[in-house]
Amino acid sequence: VVVETNQRGLRVEQSDNEVTIVPRAAGPAELRLAVPARSSLQLRCTNGGNIQVENVEGEIEANGVNASIILRKVAGVAVAHSLQGRVLVQLDKVTPGKAMSFSALNGDVDVTLPPDTKADVKLQTANGSIRSEFSVTSREESWPSSGKRLAGAINGGGAEIQLKTVNGSVFLRKAELRPAEK
């Protein structure tokens, strides 16, 4: 793991193939990490800044407070939640049979999945719209009475994938096939 930062006094600990990086408490910190392409990540950002991950395959968990979360060209399993910011995820490959969840309190949730993804999806917003490029075979669900929601199977169903926001819109997008995949 390579760490670049604009801050002095980082605490970096390594044990059992796990690296923990904690900036000092005062002041904003910008961290840039270079990790192996196959890595599991657990990332947190509080009060400003963003979490951005690109070209990583593994288990990714990202949580933000006053921070947007952007995961591009990732593969495997992802869970992303933001309290004040958008959640934008582009999964090039998903691990079959693994549940995933993407949510925001105030912000859009925009997730792109491979076109052959088999999943049971639950999409919900209290104040916004829902759009899906996948054909969703609706199923009866018990939901709270307010807001908009869509639940059902895509490509015959599979593990649950949940997209949820309170103040924002939900987008479930289908990745375009590359010429070699057609």
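Structure: above.
Residues numbered from 1 in each chain as written. Predicted model: local features only at pLDDT ≥ 70, side-chain atom pairs only at ≥ 80, totals over all residues. Heavy atoms only, no water.

Asker: So, the side chain of serine 103: which residues are in play, and what are the values?
Answerer: Among the secondary structure elements, serine 103 is positioned in strand 10 (residues 100-106). On the basis of relative accessible area, serine 103 is assigned to the buried category, the value being 19%. Reaching out from serine 103, the side chain makes a polar contact with the side chain of histidine 81 at a distance of 2.4 Å. If we ignore the near neighbours within four places in the chain, the residues touching serine 103 are Ala80, His81, Ser82, Val87, Val109 and Lys164. (Helix = DSSP H or I, 4+ residues; strand = E, 2+ residues; numbered from the N terminus. Buried < 20%, exposed > 50% of the residue type's maximum accessible area, 1.4 Å probe, protein only. Polar contact = N/O pair within 3.5 Å; in protein donor to acceptor, adjacent residues only side chain to side chain. Contact = heavy atoms within 4.5 Å.)

Asker: Describe empty space enclosed by the protein, and please don't skip the residues or the numbers.
Answerer: Counting across every chain of the model gives 1 cavity of 30 Å³ or more. Roughly 50 Å³ of internal volume is contained in the largest cavity. Every residue along the wall of the largest cavity is listed here: Val94, Thr95, Pro96, Gly97, Lys98, Met100, Thr117, Lys118, Ala119, Ala159 and Ile161. Residue composition of the lining of the largest cavity, by class: 6 nonpolar, 3 polar and 2 charged. (1 Å grid on protein atoms, 1.4 Å probe; cavity = no way out; pocket = protein on both sides within 12 Å on 5 of 7 lines; lining within 4 Å. Points joined across faces, edges and corners; volume = space filled by probe spheres on them. Nonpolar A, V, L, I, M, F, W, Y, C, P; charged D, E, K, R; others polar.)

Asker: Give me unusual backbone geometry: which residues, what numbers.
Answerer: Of note, the phi angle at asparagine 17 is positive, near 65°, even though the residue is not glycine. Here asparagine 17 shows up in the loop between strand 2 (11-15) and strand 3 (18-22). In this model, asparagine 66 sits at a positive phi of 55°, which is unusual for a non-glycine residue. Counting through the fold element by element, asparagine 66 comes out in the loop between strand 7 (57-65) and strand 8 (68-84). According to the relative accessible area criterion, asparagine 66 is partly exposed, its value standing at 33%.

Asker: Summarise the pattern of salt bridges; cite the residues concerned and give the values.
Answerer: If you walk through the whole model with that rule in mind, you get 6 salt bridges. Among the salt bridges present, the one from arginine 173 reaches glutamate 133, with a minimum N-O distance of 4.0 Å. Taken together, the residues span a long stretch of sequence, with arginine 173 in strand 17 (residues 170-174) and glutamate 133 in the loop between strand 13 (130-132) and strand 14 (137-138) at a distance of 40 residues. Take arginine 173: its relative accessible area is 29%, and that puts it in the partly exposed class. (Salt bridge = Lys/Arg side-chain N within 4 Å of Asp/Glu carboxyl O.)

Asker: Give me the layout of surface pockets: which residues, what numbers.
Answerer: The calculated volume of the largest pocket comes to roughly 1,800 Å³. As for the largest pocket, its lining consists of 40 residues, and the residues nearest its centre are Leu31, Leu33, Gln42, Leu43 and Arg44. If you list the elements that add at least two residues to the lining of the largest pocket, you get strand 3, strand 4 (31-34), strand 5 (41-46) and strand 6 (50-54). If you tally residues by element for the lining of the largest pocket, the top one is strand 5, at 6 residues. Taken together, the residues that form the lining of the largest pocket break down as 20 nonpolar, 14 polar and 6 charged.

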